[in-house]
Amino acid sequence: MLFHVRMTVTLPTDMPAEQAARLKADEKELAQRLQREGTWRHLWRIAGLYANVSIFDVADAQALHDTLMQLPLYPYMDIEVMALCRHPSSIHDDER
Ligand SMILES: O=C(O)CC1=CCC(=O)O1
């Protein structure tokens, strides 16, 4: 099942730089693993914002929830989710 997810990150202004750098490095490592595994299908920066638009391919809403809650930056994210389904005019057959 595909989900469109928008994540907006707000780190506390008083967070030490080393802690922020560690969180971002841990986030990157997990995000890249999930991309290699096919769970995190697309990851796009929203220009001008500390935010991204992503497409996740997971079994169901519970699996998406569990995945998002694992993200190291999760406590600092505002997350919006839209469930997606196949468009009848799509020419792509790899969309579920
Ligand atoms: O920078 C972001 O938008 C948050 C994030 C998601 C995956 C990642 O590596 O950073």
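Just above sits the structure.
Residues numbered from 1 in each chain as written. Predicted model: local features only at pLDDT ≥ 70, side-chain atom pairs only at ≥ 80, totals over all residues. Heavy atoms only, no water.

### Here we look at the nonpolar core
Formed by 19 residues in total, the largest nonpolar core has its most connected members in Val 5, Met 7, Trp 40, Phe 56, Leu 64, Leu 68 and Leu 71. Contributing elements (two or more residues each) for this core: strand S1 (2–9), helix H1 (17–37) and helix H2 (61–70). No other element matches H1, which puts five residues into this core. What Phe 56 contacts, discounting residues up to four positions off in sequence, is Met 1, Leu 2, Phe 3, Val 5, Met 7, Thr 39, Trp 40, Arg 41, Leu 64, Thr 67 and Leu 68. (Core = buried A, V, L, I, M, F, W, Y, C linked by side-chain atoms within 4.5 Å. Buried < 20%, exposed > 50% of the residue type's maximum accessible area, 1.4 Å probe, protein only. Helix = DSSP H or I, 4+ residues; strand = E, 2+ residues; numbered from the N terminus. Contact = heavy atoms within 4.5 Å.)

### Let's talk about the site of the ligand
As a structural note, the neighbourhood of the ligand is formed by Val 9, Glu 27, Lys 28, Ala 31, Trp 40, Arg 45, Tyr 50 and Asn 52. The contact in question runs from an oxygen atom of the ligand to an N or O atom on the side chain of Arg 45, over 2.7 Å. Within the contact set of the ligand, an oxygen atom lies 2.9 Å away from a side-chain nitrogen or oxygen of Asn 52. In isolation the ligand exposes 290 Å². Once the protein is present, 87% of that is buried. Using a 2 Å cut-off from the grid points, one finds that the ligand occupies the largest pocket. (Near = heavy atom within 4 Å. Polar contact = N/O pair within 3.5 Å; in protein donor to acceptor, adjacent residues only side chain to side chain. Areas by Shrake-Rupley, 256 points an atom, 1.4 Å probe, with all protein chains shown as cover. 1 Å grid on protein atoms, 1.4 Å probe; cavity = no way out; pocket = protein on both sides within 12 Å on 5 of 7 lines; lining within 4 Å. Sits in = over half its atoms within 2 Å of the grid points.)

### A few points about the sheet that holds strand S4 (residues 77–84)
Here four strands make up an open sheet; going across it, the order is S2-S3-S1-S4 and the pairing antiparallel. Strands with a single pairing partner mark the edges of an open sheet, and in this sheet they are strand S2 (40–45) and S4. Averaged over all pairs of adjacent strands, the angle between their axes in this sheet comes to 15°, without regard to strand direction. As paired strands, S1 and S4 are joined by eight bridges and run antiparallel to one another. Paired with Met 7 across the strands is Ile 79, a residue of S4. (Pairing = 2+ DSSP bridges. Axes fitted to C-alpha atoms, helices over the stretch in contact; angles between N-to-C directions.)

### Comments concerning the pattern of salt bridges
Within this structure, the stated rule accounts for three salt bridges. A salt bridge links Glu 37 to Arg 33, with the nearest nitrogen and oxygen atoms 3.0 Å apart. Here Glu 37 pairs with Arg 33, and both are found in helix H1, just four residues apart, close to one helical turn. Between Asp 57 and Arg 41 there is a salt bridge, with its nearest N and O atoms 3.1 Å apart. Note that Asp 57 is positioned in strand S3 (residues 51–57) and Arg 41 in strand S2, a separation of 16 residues in sequence. Since its relative accessible area comes to 28%, Arg 41 is described here as partly exposed. (Salt bridge = Lys/Arg side-chain N within 4 Å of Asp/Glu carboxyl O.)

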